[in-house]
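Structural overview
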Amino acid sequence: MGCERNLDRLLSSLLGELDGEDARRFERHLAACAPCRLERDRMLGIWERLGTELPAAPDRAALDARFERMVEAYAAGVRTSARVPARMARVRRAFQVAAALAVGLALGVAAHRPAPDVPAIADLTAEIRALRQELLTTSLQLDSTFGRLRAVQHAQEMEVLDPAARRALLDALRHDPSVSVRLAALDALARFADDPTVVAGLRRARGRESAPVVRDSIAEILGETDDI
Amino acid sequence: MTRRIALPIALTMVFSGAVAAAETFEHRFEWSNPSRPGSVVGFVANGGISVVGYDGDAVVLEVRPHRGPEPGAVEERADRGPWRLPQWGLDVAAHEDQNVVTFSCRSPEQPVELLLRVPRPTSIRVRSDGGGDLRVEGVHGPLDLTAAEGGISVSGAMGPLVADARNGGVVARFEASRFELPTSITALDGNIDVSFPPDLSALLKLRADHGRIYSDFALEPRPGPIERRAEGSSLYLDKYTLATVNEGGEQILLRTLSGDITIHRSSGEE
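Scope of this entry: the structure provided in the associated data block. Every value quoted in this text rests on a predicted model; they were computed, and no experiment measured them.

Points about the interface of chain B and chain A
It is common to give the size of an interface as the accessible area lost on bringing the parts into contact. With 37 residues of chain B at the interface, the matching set in chain A holds 36 residues. Among the salt bridges present, the one from Lys-205 of chain B reaches Asp-187 of chain A, with a minimum N-O distance of 2.9 Å. The interface formed by chain B and chain A contains eight residue pairs in polar contact (both at pLDDT 80 or more). Residue assignment for the side of chain B that touches chain A shows that the elements contributing at least two residues are β12 (143-147), β14 (161-165), β16 (183-189), β18 (202-208), β21 (227-230), β22 (234-237) and β24 (251-258) of chain B. Of the residues belonging to the side of chain B that touches chain A, the class tally is 15 nonpolar, six polar and 16 charged.

Considerations on the sheet that holds strand β3 (residues 47-54) of chain B
Residues and elements named next belong to chain B. Judged by pairing direction, the sheet is mixed, and its ten strands sit side by side in the order β1-β4-β9-β3-β11-β13-β15-β17-β25-β19 without closing on themselves. A strand with exactly one partner marks an edge of an open sheet, and here the two such strands are β1 (25-30) and β19 (213-215). Averaged over all neighbouring strand pairs, the angle between strand axes comes to 10 degrees, with direction disregarded. Here strand β13 (residues 152-157) runs beside strand β15 (residues 170-174); their pairing, made up of four bridges, is parallel. Residue Val-154 lies in a different strand from β15, and its bridge partner there is Ala-172.

A short note on helix α10 (residues 196-208) of chain A
Residue and element names in this part refer to chain A. Taking 1.5 Å per residue as the helical rise, α10 with its 13 residues ought to reach 18 Å, and the 19 Å between its terminal C-alpha atoms agrees with that figure. Buried within α10 we find Val-198, Val-199, Gly-201, Leu-202 and Ala-205. All buried residues of α10 fall inside an arc of 160 degrees around its axis, so they share one side. Of the exposed residues in α10, the ones pointing more than 90 degrees away from its buried face are Pro-196 and Gly-207.

Some points on the sheet that holds strand β7 (residues 91-97) of chain B
In spatial order, the strands read β7-β8-β2-β10-β12-β14-β16-β24-β18-β23-β20 (chain B); together these eleven strands make up an open sheet with mixed pairing. If you trace the sheet from one side to the other, it starts and ends with β7 and β20 (222-223) of chain B, each paired once. One ladder, built from five bridges, connects β18 of chain B with strand β23 (residues 241-245) of chain B; its direction is antiparallel. Residue pairing for β23 of chain B: Leu-204 of chain B is matched across the bridge by Ala-243 of chain B. Contacting β14, β16, β18 and β24 of chain B, helix α9 (residues 179-189) of chain A runs over the sheet at an angle of about 100 degrees to β16 of chain B. Helix α11 (residues 212-222) of chain A contacts β16, β18 and β24 of chain B of the sheet and is inclined by roughly 90 degrees relative to β24 of chain B.

What to know about the packing of aromatic side chains
Residue and element names in this part refer to chain B. The final tally for this structure, using the stated rule, is two aromatic pairs over all chains. On the numbers, 5.4 Å between centres and 75 degrees between planes, the contact of Phe-174 with Phe-179 is edge-to-face. For Phe-174, a relative accessible area of 3% puts it in the buried group. Classification of Phe-179 as buried rests on a relative accessible area of 4%. On the basis of an interplanar angle of 10 degrees and a centroid distance of 4.8 Å, the ring pair of Phe-174 and Phe-196 is categorised as stacked. Pair noted here: Phe-174 is in strand β15 and Phe-196 is in strand β17 (residues 192-196), with a separation of 22 residues, a long-range link.

Scoring rules and cut-offs
- Residues numbered from 1 in each chain as written.
- Chains lettered and ligands numbered in written order.
- Predicted model: local features only at pLDDT ≥ 70, side-chain atom pairs only at ≥ 80, totals over all residues.
- Heavy atoms only, no water.
- Contact = heavy atoms within 4.5 Å.
- Salt bridge = Lys/Arg side-chain N within 4 Å of Asp/Glu carboxyl O.
- Polar contact = N/O pair within 3.5 Å; in protein donor to acceptor, adjacent residues only side chain to side chain.
- Helix = DSSP H or I, 4+ residues; strand = E, 2+ residues; numbered from the N terminus.
- Nonpolar A, V, L, I, M, F, W, Y, C, P; charged D, E, K, R; others polar.
- Pairing = 2+ DSSP bridges.
- Axes fitted to C-alpha atoms, helices over the stretch in contact; angles between N-to-C directions.
- Expected span 1.5 Å × (residues − 1).
- Buried < 20%, exposed > 50% of the residue type's maximum accessible area, 1.4 Å probe, protein only.
- Arc of directions from axis to C-beta.
- Phe/Tyr/Trp six-rings, centres within 6.5 Å; stacked < 30°, edge-to-face > 60°.

Right, here's the structure in full:
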C-alpha cells in the first residue's frame, strides 16, 4: 500500500518536483522499504547516466556499447530482483521503455547532429510526464477506493493534464462509485473549467450525479447555482 | 531442475436462504491465506451494518432480521381497503475467495442488522443502501463506508477512512496520528465529528456549506489556492479551508452540506 503511493513520489523525485515534507516523507519511506530503495537506485542510475554519459561529440560505437550494457544491466536486475508489487513492476517496465526511448533518441540525434543532447533530456522529461498521466488513467481503474483517491489527488497537483488525463478524470466524475473520488476528480478538473470539453463533461456529469454534495459543487464551478 | 509450484487454494463457501423473520444466521469464514490481512466487501439493501474488530483469525457474519409482523397481520390503510400485506423475504449470500469475504443481504420489507466480527487488520468496504446506520469498532485496516440513509460511527480506527453519509452525520475516533493514504469524509445532512491524537500530522481540507467549523487543534487556516473560471463569465474562489497540522501529511477532507464540523484532540485515555 505504501509502495503504491510512493511510486508517484519516485517519479516526482526524478523530475525534481518533490520538496518539503513530501521529500522528507519519501526519504523516510525509502529508509524503511528495501524494494523501493532498490527501485529508486536502479532508476536513479539510469537517469543520471542519461544526463551525464551523452557526449557532446558522440562516439556512435561507444553509445551502442553503453546501450547494450544498460540493457544487460536491466536484464540482470530483473532476473535477480526481489519480488515486487505488480504495479511497481508495471512502472518499472514503463520506465524501461521511456529510458530506452530516450537512449534511442539520443543515438539518433548523435548520429545526425553534432550538437549537445539537452533536447533529448527535455524529451525524456516530457516522456516521463506522459508516463505519469498514463499512470493516472491506469490508477483510476484500481479496485481500491484509496488507490483511486490517491491518484486523483495527485492529479490535483499536476501542472499539466493532457486531454486523455482530463477525459479520464471526467470519466471518474461520471462513473466512480465513491463520492469522495468523484469530489476529488471535480477538484482536479476545476482548474480547466475554461476548456469546452471539460465544461461539457461537467454538465453531463451534473445531470446524472446522485450525490448532492458533488452535484452542488459541479454547479458552483459552472457558475450555475440556484441559490444566489 | 525441480520446480516447486504453490497453487493458490481458494476456499469458497456460499450460503443463502430465505427465512422467516426473527431467525438469526451466523457463519464463519477462514482466510485462504491467514498470514496476510484480508478484506470484507458487501452491502445491505435494507438495514444497518456493525463491524467489530477482535483478536481472532476468522470473519464471523451474523444476520439478525428485525422482528416482522405476526402471521396474518395486515395494516389497514382505509376502512374498506386496500390493505397492506406483510412480506418476510430475506436473501443473504456470502463467500470467501483469496482473502476477500464478499456478502450481500437483501430484504425488501423488513430491515436487518448485519453483524461482522473481523480480525483487526482487515480492510472494510461496506455499504448500506437504506434504512440503517454503519458502525465500526476497533478495526485497524482501511475503512470505506457508505450509508445511503443513515449515519456512520467509527471508533478505534488506525487506518484511513473514506465515509459518505447521505442522511446522517459521521462520528469518527482515530487512534493513529499519521496515515499512509488519504482520508475523506462527506455528509449531506449531518455533522462531522472527528477525534485525533494530539500528535496528528496531516493536511486538513474542510468545508461546511451551511455550518461552522470548530477545532481543538490550534490551526492557521488559509483559503483554497485556486481561482476558478467557468466559460470566462464568472469567477469562483475555492471555498475549502486548508490547514496544516504539525508536520503535515496525507490529506484529510471533511465536507458537509448541512451541519457543523468539529475536530477534537483526543486525550489518549479513551
